[in-house]
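Residue strings, one per chain:
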Amino acid sequence: MRWRDALDLLNEIKMGITNFKGKKVLFADDAAFIRNLVKKTLEVIGITDVKEAADGRQALAALQTANYDLVISDLHMPEMDGIELLREVRADERMWRMPFLMLTSDMDAENVKTAAELDESGYLTKPFRGDPLIDKVTEILQKK
């Protein structure tokens, strides 16, 4: 394959990927390596403005000082878990419609039911590769 052909192919691939440059995401997870993994994955679709929080309380504080296009939260965190954070977001008239993606390794039926009742925008189980996360974030942000 010639250099020009390879460049054209790369541009076609890039055009097929939705670019969300300028979108702001808040990501809460108590594991720093997961925060880094998600942050790097979001960069693939142009999201470079990712605020990190190590727990729900930090995430809630960040939500009260800035606007975000999407919240991604782990379910199990110290201080305030993802369900409590989702409850707080849905109870606040400024944020009640904010897209919210829950990540968890826990498929407990009660947690899934509670998150659905609180109107989460999506639920993704860990471990995951980048593709399902990209697909879910793309789906959520395109609806917004």
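Since the structure is predicted, the reported quantities are computational estimates derived from the model, not experimental observations. (Residues numbered from 1 in each chain as written. Predicted model: local features only at pLDDT ≥ 70, side-chain atom pairs only at ≥ 80, totals over all residues. Heavy atoms only, no water.)

**Q** Explanation requested: the overall build of the protein chain in the structure shown.
**A** In terms of regular secondary structure, the protein chain is built from six helices and five strands. Excluding contacts between residues fewer than 6 apart, the proportion of contacts in the protein chain whose partners are at least 24 apart in sequence is 66%. In the structure as shown, the protein chain presents an accessible area of about 8300 Å², 49% of it carried by carbon and sulfur atoms. (Helix = DSSP H or I, 4+ residues; strand = E, 2+ residues; numbered from the N terminus. Contact = heavy atoms within 4.5 Å. Areas by Shrake-Rupley, 256 points an atom, 1.4 Å probe, with all protein chains shown as cover.)

**Q** Help me understand the confidence of the model for the protein chain in this model?
**A** Interpretation of this model should avoid reading the predicted coordinates in detail wherever pLDDT is low. Summing up the model confidence of the protein chain, the mean pLDDT is 84 and the portion of residues at 70 or higher is 79%. Averaged pLDDT values for the elements of the protein chain fall to 50 in helix α1 (residues 3–16) and rise to 98 in strand β1 (residues 24–28). (pLDDT = per-residue confidence, 0-100.)

**Q** Quick question: what am I supposed to make of the side chain of D69 here?
**A** Mapped onto the secondary structure, D69 falls in the loop between α3 (56–65) and β3 (70–74). You can call D69 buried: its relative accessible area is 16%. A polar side-chain atom of D69 sits 2.7 Å from the main-chain amide nitrogen of K24. (Buried < 20%, exposed > 50% of the residue type's maximum accessible area, 1.4 Å probe, protein only. Polar contact = N/O pair within 3.5 Å; in protein donor to acceptor, adjacent residues only side chain to side chain.)

**Q** Explanation requested: the packing of α3 against helix α4 (residues 82–91) in the structure shown.
**A** If you want to describe how two helices pack, look at the angle between their axes and the distance between the axes. The N-to-C vectors of α3 and α4 enclose an angle of 20°; their axes lie 9 Å apart at closest approach. Classed by the angle they form, the pair α3 and α4 counts as roughly parallel. Judged by the twist between their axes, the crossing of α3 over α4 is right-handed. Contacts between α3 and α4 involve G56, A59, L60 and L63 on the former and, on the latter, L85, E88 and V89. (Axes fitted to C-alpha atoms, helices over the stretch in contact; angles between N-to-C directions. Parallel < 35°, antiparallel > 145°, perpendicular 65-115°, else oblique. Left-handed = near helix turned anticlockwise from the far one by under 90°.)

**Q** Got a minute to help me understand the pattern of salt bridges in this structure?
**A** If the charged atoms of two oppositely charged side chains come close together, the side chains can form a pair. For the structure shown, the criterion picks out six salt bridges. Overlapping salt bridges, with partners in common, bring together R35, K39 and E52 in one network. (Salt bridge = Lys/Arg side-chain N within 4 Å of Asp/Glu carboxyl O.)

**Q** Would you mind showing me how to read unusual backbone geometry here?
**A** Most peptide bonds are trans, and most residues other than glycine sit at a negative phi. Of note in this structure, E79 is not a glycine but carries a positive phi near 70°. By secondary structure assignment, the location of E79 is in the loop between β3 and α4. On the basis of relative accessible area, E79 is assigned to the exposed category, the value being 56%.

**Q** What exactly am I supposed to notice about the sheet that holds strand β5 (residues 122–125) here?
**A** Strand pairing in a sheet takes place through backbone hydrogen bonds and is either antiparallel or parallel in direction. The sheet built from five strands is open, its strands ordered β2-β1-β3-β4-β5 with parallel pairing. Whereas interior strands pair on both sides, the edge strands pair on one side only; in this sheet they are β2 (49–53) and β5. Strand-to-strand twist of the sheet, defined as the mean angle between neighbouring strand axes without regard to direction, takes the value 20°. Pairing between β1 and β2: five bridges, direction parallel. Each bridged residue has a counterpart across the sheet, and for L26 the counterpart in β2 is K51. Helix-sheet contacts for α3 involve β1, β2 and β3, and the interaxial angle to β1 is about 160°. Here α4 sits on the sheet in contact with β3 and β4 (100–104), set at roughly 170° to β4. (Pairing = 2+ DSSP bridges.)

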